Amino acid sequence: MRVAFDARMLEASGIGTYIFNLLKNFPETIEDIELTLLGNPDKIVAHFGEKFGNIRKTNAPIYSVSEQLCIPFAAKGADILHIPHHNVPILWRKKLVVTLHDMLHWDHPEYIPDWRGKIYLKLVSGRIKSATQVICPSWFTASRAKEILGLSVNQITVIHQGVDKEFFSRRSPDAVKQVLSEYGLKPGGYLLYVGNLKPHKNLQRLAEAYSIARKKGIRARLVLTGKLEGLRAKEDVEKLMRFEGVIHIGEVKAEELPYLYSGARALVFISLYEGFGLPPLEAMCCGCPVLVSDAGPLPEVVGDAAITVDPFDVEKIADAIVKIVTDEELRKNLIKRGKEWVKRFSWQKTAFQTIEVYKKVAKL
């Protein structure tokens, strides 16, 4: 069984985390499977050394006409093509596995930048609908895919994403202080948001709720991470920083994240829409209490190990912020439950279940 895997987004945020950890946890030799990676050989070797012997150079840009032509050509000879995003090649006619991380653009077409994006989404929707198997990271995403794309139950496999518990671990107080000093932060003196700065992350309501919480005595700062992409993002962040106590520290290096989680009073993740949501699990691994919205898959991701709140109710978000900052007994319970809860998630399990999908598809 020959499987071609599109690894071009290996170093992208979000999806790149999925690709990296999936490939990292694939065994070097997979029984009855010959794996070929499509992407930049230099980047792949830089991350994995000589682990993957079959690499085909493929540099076609994401969401381009050229990828629609180049990917089927690069995957020539494969029995199965795995596309870890929704940018599927509509000309591929053999067995197709798609990882559908979320249904954001289908549920919220207003986030699609222009008419070309809408046409593109319509074209790939038809090919995803005919995919042999669609991997969804949550039952929420699976239900939306069934409803919107008309996928059958037999076409979908839900495979939760994992968390690297060795990398995301509680760091020593001295090491935390050293990293935080670079950002002008003190341990326990801030609430942390990790993610991008797009509208569905609900940062405007978070900032408004935080402002109310400050009026109730909360003095921990609200620290926003995330890369500024375009004028709109810059303007949005400038508006958020008008609220007293809100600061934006920009894109954070991956190796610094465990220290930021370890030093935070809590992670606040009040998103309106997710496909899965890794930051809450990462924070739990680092002993950081978590506050999330009750939207989409987040209750599924955090179980009883976090506070959940209506993301549209600013007053309730503010009350939850006050509670997670000041209630020491609650904080201890959340930290304890979080450490137990994250044991359910591992990239090893994600990789194993993905290989099982390949084997299932091979028999179809």
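Structure first, text after, so check above.
Here the residue index of a chain counts from 1 through its sequence in written order. At least 70 in pLDDT is required for a residue's local features to be given in this predicted model, at least 80 for side-chain atom pairs to be given and counted, and no such filter applies to totals for whole chains, interfaces and linings, which use all residues. Side-chain descriptors were evaluated using all non-hydrogen atoms of the structure, hydrogens and water having been removed beforehand.

(A) Examining the sheet that holds strand S8 (residues 190-193) more closely. Strands were regarded as paired on the criterion that DSSP finds at least two bridges between them. Helix and strand assignments follow DSSP, with helices taken as H or I runs no shorter than four residues and strands as E runs no shorter than two, numbered in order from the N terminus. Pairing within the open sheet is parallel, and its six strands lie in the order S10-S9-S8-S11-S12-S13. In the strand order of this sheet, the two ends are held by strand S10 (246-250) and strand S13 (307-309), each with one partner. Each neighbouring strand pair of the sheet contributes to a mean axis angle of 25°, computed without reference to strand direction. As paired strands, strand S11 (residues 266-269) and strand S12 (residues 290-293) are joined by three bridges and run parallel to one another. Residue pairing for S12: Val268 is matched across the bridge by Leu291. Note on method: axes are straight lines fitted to C-alpha atoms, helices fitted across the in-contact stretch only, with angles between N-to-C directions ranging 0 to 180 degrees.

(B) How the structure looks around the side chain of Ser125. By the element assignment, Ser125 lies in helix H5 (residues 115-129). Any pair of N or O atoms that falls within 3.5 Å is considered a polar contact. Within protein, one atom must be able to donate a hydrogen and the other to accept it, and sequence-neighbouring residues count only if both atoms are side-chain atoms. For Ser125, the side chain forms a polar contact with the main-chain oxygen of Leu121, separated by 2.6 Å. Discounting chain neighbours no more than four positions away, the residues touching Ser125 are Trp106 and Leu149. Contacts are assigned to residue pairs with any non-hydrogen atoms lying within 4.5 Å of each other.

(C) Main features of the packing of aromatic side chains. Only rings of Phe, Tyr and Trp enter the pairing, Trp through its six-membered ring, and a pair is recorded when the two centres are within 6.5 Å. The plane angle decides the type: under 30 degrees is stacked, over 60 is edge-to-face, the rest tilted. Inspection of the entire model under this criterion finds eleven aromatic pairs. Judged by centre distance (5.5 Å) and plane angle (25°), the rings of Phe20 and Phe48 are stacked. Within this pair, whereas Phe20 is found in helix H1 (residues 15-25), its partner Phe48 is found in helix H2 (residues 41-48), the two being separated by 28 residues in sequence. We call a residue buried when its accessible area falls under 20% of the maximum for its residue type, exposed when it is over 50%, and partly exposed in between, using a 1.4 Å probe and counting protein chains only. Residue classification places Phe20 among the partly exposed positions, given a relative accessible area of 25%. Among the residues examined, Phe48 registers a relative accessible area of 12% and is labelled buried. Plain terms: the ring middles of Phe167 and Phe168 are 4.9 Å apart, the flat faces sit at 90° to each other, and that makes the pair edge-to-face.

(D) Quick look at the environment of Asn196. By secondary structure assignment, the location of Asn196 is in the loop between S8 and helix H8 (203-215). By relative accessible area, which is 27% here, Asn196 ends up partly exposed. For the pair Asn196 and Thr225, spaced 29 residues apart in sequence, the C-alpha separation works out to 7.4 Å. Setting aside residues up to four positions removed in sequence, Asn196 forms contacts with Lys201 and Leu203. Engagement of the side chain of Asn196 in a polar contact is seen with the backbone nitrogen of Lys198, the distance being 3.1 Å.

(E) Representation of the pattern of salt bridges. A pair is scored as a salt bridge if a Lys or Arg side-chain nitrogen falls within 4 Å of a carboxyl oxygen belonging to Asp or Glu. According to the stated counting rule, one finds 15 salt bridges in the structure shown. Between Glu244 and Arg214 there is a salt bridge whose closest N-O contact spans 3.5 Å. Taken together, the residues Glu244 in the loop between helix H9 (230-240) and S10 and Arg214 in helix H8 connect sequence positions 30 residues apart. As a salt-bridge pair, Asp319 and Lys216 come within 2.6 Å of each other at their nearest N and O atoms. Of the two residues, Asp319 is situated in helix H13 (residues 314-326) and Lys216 in the loop between H8 and strand S9 (221-225); the sequence distance between them amounts to 103 residues.

(F) Here's a closer look at the pairing of strand S1 (residues 2-6). In terms of burial, S1 is a largely internal element, four of the five residues being buried. In this sheet, strand S2 (residues 34-39) lies alongside S1 in parallel orientation, the contact comprising five bridges. Bridge assignment links Phe5 to a residue of S2, and that residue is Leu37. Convention used here: a crossover is right-handed provided that the path from the first strand, over the helix, to the second strand proceeds clockwise when the strands point away from the viewer. As for the winding sense of the linkage, the β-α-β connection from S1 through H1 to S2 is right-handed. Here three bridges tie S1 to strand S4 (residues 80-83), and the two strands are oriented parallel to one another. Pairing of Ala4 across the sheet is with Leu81, part of S4.

(G) Layout of the layout of surface pockets. The volume enclosed by the second largest pocket comes to roughly 220 Å³. Residues are called lining when one of their atoms sits within 4 Å of a cavity or pocket point, these points coming from a 1 Å grid over the protein atoms alone, where a cavity is a set in which a 1.4 Å probe fits but cannot get out and a pocket is an open set with protein on both sides within 12 Å along at least five of seven lines. Taken together, Leu197, Lys198, Pro199, Asn202, Leu203, Gln204, Arg205, Asp236, Val237, Lys239, Leu240 and Leu272 form the lining of the second largest pocket. If one sorts the elements of the lining of the second largest pocket by residue count, H9 sits on top with four residues. Grid points are joined across faces, edges and corners, and a volume is the space filled by probe spheres set on the points.

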